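Fold and geometry: a report
Now for the letters of each chain:
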Amino acid sequence: MRTVLKVAAIQMSSEIGCVEKNVAKGQRFVEQAVEQGAAIVCLPELFNTGYFSHTDHVDTAYFKWAEPIDGDTVSAFRQTAKQLGVHIIVPFYEYDRPGVYYNSACLINEQGHVEGVYRKTHVPWSLTGWEKFYIRPGYAFPVFDTPHGKIGIMICYDRDFPEVARTLALKGAETIFVPNGSSKGLTEIWQNMMQVRAYENQVYMVGACLTGRTDEEHHEFSGHSLVTNPFGAIENKLGLEEGIVMADIDPKQIRRAREERFLYRDRRPEMYQKLTEY
């Protein structure tokens, strides 16, 4: 069985549109996390551009911040990953083609190679952000097989849909990373859902959050990055301050949780057809 793994969730504020500055800030946090022993580091949702979606209008000027997978943000962190020998989950505003953009997160391995990309599948148009105007939803839930175990990624609003974490867990994910840009008003439910998703799937959940408020046009972010264990308990968390959440991922705890409560044995998928109806 694999040994205990140390992971890190970065919590930071980002300035809207200041990509170079935000990327440099994120790189400094990654370096600090590695100094503390992290083998996998996760950054917050859209940390490079800042979460730019408004709640009362749209602006096509934001399209110019989208980058392809081989753009400046991912390229910078590929170098960082290789130099530091660390896996990094890098959220970014992904350019696919004119008019088609995704809210994405890529996994970069310790050799600096991109293992793959997850594209946010649940994209809101709500009182906390008109994100759907800017972003096309993704259509897959990849699980990445790494030397540190199998990991999944979901982004922010995905957490509201239990089917996402369940799908990742059924595909073998042992740790699920959640880059997050929730508003401050969702702080309590964010924490509760991270605990429930961990408990009901008997996995570790790692949430990396934006925090602070960049200007009067955009909402204040929740902060409260955290790591929850397979029993639904919080291993470590932050408040609203910028910083790094460090925690150990212990495969023995995953096995112990699954041998104490047999949630996978007791599932009744043959009765869940309603879940797949549109």
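For the structure given in this document, a descriptive report is provided here.

1. Re the sheet that holds strand β8 (residues 175–180)
Pairing is mixed in the open sheet, where six strands are placed in the order β6-β7-β8-β9-β12-β13. Because the sheet does not close on itself, it has two edges, and the strands there are β6 (143–146) and β13 (234–237). Shown here is a sheet whose adjacent strand axes are inclined to one another by a mean of 20 degrees, direction ignored. Where β6 lies against strand β7 (residues 149–153), four bridges are found, and the strand directions are antiparallel. Following the sheet pairing, T146 is matched in β7 by G149.

2. Looking at the pattern of salt bridges
Under the criterion given, the structure shown has 16 salt bridges. With its nearest N and O atoms 3.7 Å apart, the salt bridge here joins R119 to D96. Note that R119 is positioned in strand β5 (residues 114–119) and D96 in strand β3 (residues 87–97), a separation of 23 residues in sequence. The exposure class of R119 is partly exposed, given its relative accessible area of 26%.

3. Regarding the state of the cysteines
The full count for this structure, using the stated rule, is zero disulfides. With no disulfide of its own, C42 has C209 as its nearest cysteine by sulfur position, at a separation of 9.4 Å. The buried category is assigned to C42, whose relative accessible area is 0%. Its sulfur unpaired, C156 is 8.3 Å from the next cysteine sulfur, which belongs to C209. Judged by its relative accessible area of 7%, C156 falls in the buried class.

Rules behind the numbers
Residues numbered from 1 in each chain as written. Predicted model: local features only at pLDDT ≥ 70, side-chain atom pairs only at ≥ 80, totals over all residues. Heavy atoms only, no water. Pairing = 2+ DSSP bridges. Helix = DSSP H or I, 4+ residues; strand = E, 2+ residues; numbered from the N terminus. Axes fitted to C-alpha atoms, helices over the stretch in contact; angles between N-to-C directions. Salt bridge = Lys/Arg side-chain N within 4 Å of Asp/Glu carboxyl O. Buried < 20%, exposed > 50% of the residue type's maximum accessible area, 1.4 Å probe, protein only. Disulfide = S-S within 2.5 Å.

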